[in-house]
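Examining the three-dimensional arrangement
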Amino acid sequence: KRLATLALHPSVWLEFTPLAAVTRSVNLGQGFPDWEPPSFVLQAAARAAAQPAATVQQYARSRGHPQLAQVICEVYGKRRFGGRVLNPQENVLVTNGASGAIYLALVSLVDEGDEVLLVEPAFDIYFGAVKMAGGTAKHVPLRPRYPQAQSAADLELDDAALEAAITPRTRVLLLNTPHNPTGKVMTRDELEAVAAVIRRYPQVTVVSDEVYEHLVYDGARHVSMASLPGMFERCLSIFSAGKTFSVTGWKIGWVIGGAALVQRLHNAQQFVVFSVCTPMQAAVAECLEHAERTDYYAQLARRMQHRRDQLLKALRAAHLQPLVPQGGYFVVADGAALPACRHEFPEGMQQLLQEQQRSGNAHGLEVDERTRHRRDYNLARWMSLQRRVTPIPLSVFYGPATADANDTWLRFAFCKRDEMLEAAAERLRQQE
Ligand code: GLN
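Residues numbered from 1 in each chain as written. Predicted model: local features only at pLDDT ≥ 70, side-chain atom pairs only at ≥ 80, totals over all residues. Heavy atoms only, no water.

Helices that pack against each other are described as a pair by the angle of their axes relative to one another and the distance between those axes. It is the contact of helix α13 (residues 296-317) with helix α16 (residues 418-429), at a shortest axis distance of 9 Å, that shows an interaxial angle of 10°. It follows that α13 is roughly parallel to α16 by the angle criterion. Between α13 and α16, the residues in contact are His 306, Arg 307, Gln 310, Ala 314 and Leu 315 and Asp 418, Leu 421, Glu 422, Ala 425 and Leu 428, respectively. By residue class, the composition of the contact of α13 with α16 is five nonpolar, two polar and three charged. (Axes fitted to C-alpha atoms, helices over the stretch in contact; angles between N-to-C directions. Helix = DSSP H or I, 4+ residues; strand = E, 2+ residues; numbered from the N terminus. Parallel < 35°, antiparallel > 145°, perpendicular 65-115°, else oblique. Contact = heavy atoms within 4.5 Å. Nonpolar A, V, L, I, M, F, W, Y, C, P; charged D, E, K, R; others polar.)

Here it is, written out as structure tokens:
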């Protein structure tokens, strides 16, 4: 396992977040909101931080602050799992963000040589987490139902390909709906078809990343795999306060699942971070209660849908061919038609790297040398330098076998203020 971590390279985030800063670009790369969180969220944080020492200023209970675990059970039992009674001592673990939960799930379920099924394209963090767990990633494609598909709704997970990829060493199927990066929202029927396969293979646990659960558009509905018959005990469902309350910096996530599975993650968490930031957990408990009393989630989705539409318009005007997302923070678009869609590392990029090195590299710009000849990376670099809009290349969401075949696509985040999206639209319209 130690050797596996040595094989890790700088991730896409270490290049493109600094690159956006250095080029003063509109950063549509990393998915984090740039608006002020709602006032009820900030007030909850302020109140939690001011609580007496004994309540929230020391280590939290390692499984999660009791108040938060309790609220999660009440809210999610009702909202997501068809009225199931959840036990805060058994069915929940609060984690260091959803990413923390994904890491714990993989290290506690996967042994050296075990296999993890990723639905491709897959969020890049999954690849690193599988490697650190000592596992092998196997890929099941999310494919367009027909050529020239226009919407993420037209993507499908091929159940036969899924079943064909399962072996006796398969331990985990990592699902993600609403999906990063495409914005596909799996319907109940689609999930049921996957569940029908998984039910035949008791060695497989479904790790279901549902961090964009409330961000669904055009009437799409989020369904949890764990709500399907017989699936609760087979699933670990992962959620995120960062995405739900627009506070990605709080790093509070949670896992819900069968007692035995959650216990394994808890056992691991004790020896990794022990527990998670106490005052923020208390604040999230309040936020969840507030959201249940108001129409906060509907309002958030409405606003995000408007932002999505703004970005779609801008991309189309700039000759990028977008796939319309049904959920989440992102739009993927094909840049093949852009004149800059070539293989070369932009000259300006070389200069910029040298300048940054000379001046102490305060932003921490790093380039993974293996990506110098990748077309989508160079297109994203060109766009940052010449248009001052920063997307990320889509090939980071693919495994080594398929990355080259998917190297003209970019991912753009629309979790940004209207004026930033307007600025991006204007900059993208510029001619050469
Ligand atoms: N989930 C976010 C994204 O896809 C953040 C990723 C990260 O910071 N590693 O942009």
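Read on for the rest.
To continue, consider the packing of aromatic side chains. By the definition in use, this model includes 15 aromatic pairs. Here the aromatic rings of Phe 245 and Tyr 296 are separated by 5.6 Å at their centres, their planes lie at 15°, and the arrangement is stacked. With Phe 245 in the loop between α10 (241-244) and β9 (252-257) and Tyr 296 in helix α13, this residue pair connects regions lying 51 residues apart in the sequence. The class of Phe 245 is buried, set by a relative accessible area of 0%. A relative accessible area of 8% means that Tyr 296 is categorised as buried. Feature note: the residues Phe 40, Phe 245, Tyr 296 and Tyr 297 constitute an aromatic cluster, connected by ring pairs. A cation over a ring is seen here: Arg 411 above Phe 330, with NZ or CZ 3.4 Å from the ring centre. (Phe/Tyr/Trp six-rings, centres within 6.5 Å; stacked < 30°, edge-to-face > 60°. Buried < 20%, exposed > 50% of the residue type's maximum accessible area, 1.4 Å probe, protein only. Lys NZ or Arg CZ within 6 Å of the ring centre and 35° of its normal.)

We now examine the pairing of strand β14 (residues 409-413). For β14, a buried count of four out of five residues is recorded, marking the element as mostly surrounded by other parts of the structure. The pairing of strand β11 (residues 330-334) with β14 spans five bridges and is antiparallel. Across the sheet, the residue bridging to Val 332 is Arg 411, located in β14. By the bridge criterion, two bridges tie strand β13 (residues 392-393) to β14 in an arrangement that is antiparallel. (Pairing = 2+ DSSP bridges.)

What follows is about the sheet that holds strand β10 (residues 321-323). Spatial ordering of the open sheet is given by β10-β11-β14-β13, a layout of four strands whose pairing is antiparallel. Only two strands of the sheet have a single neighbouring strand rather than two, namely β10 and β13. Pairing between β10 and β11: three bridges, direction antiparallel. Counted as the bridge partner of Pro 322 is Ala 333 from β11. With respect to the sheet, α13 is in contact with β10, β11 and β14, its orientation differing from that of β11 by roughly 15°.

A word on the nonpolar core. Formed by 145 residues in total, the largest nonpolar core has its most connected members in Leu 106, Met 225, Phe 245, Ile 252, Trp 254 and Phe 412. Here the element with the most residues in this core is helix α12 (residues 278-293); it accounts for eight residues. Each residue touching Leu 106, except ones within four places of it in the same chain, is listed here: Val 116, Tyr 126, Ala 129, Val 130, Ala 133, Val 172 and Leu 174. (Core = buried A, V, L, I, M, F, W, Y, C linked by side-chain atoms within 4.5 Å.)

Let us look at the sheet that holds strand β3 (residues 115-120). Taken in spatial order, the eight strands line up as β2-β9-β8-β7-β6-β3-β4-β5 in an open sheet, and their pairing is mixed. Both edges of this open sheet fall to β2 (92-96) and β5 (155-157), since each of them pairs with a single strand only. The average undirected angle you get between the axes of adjacent strands in this sheet is 25°. Strands β2 and β9 of the sheet are contacted by α12, whose axis makes an angle of about 70° with β9.

Each neighbour pair has its own omega, and for Thr 177 with Pro 178 the value is -15°, a cis peptide bond. Its location among the elements puts Pro 178 in the loop between β6 (170-176) and α9 (188-198). A cis amide bond links Asn 180 to the next residue, Pro 181, at an omega of 15°. Within the secondary structure, Pro 181 is located in the loop between β6 and α9. A positive phi angle, near 55°, is found at Asp 218, a position not held by glycine. The topology assignment puts Asp 218 in the loop between β7 (205-209) and β8 (235-240). By relative accessible area, which is 52% here, Asp 218 ends up exposed. Backbone geometry at His 319 places phi at a positive 65°, although glycine is not the residue there.

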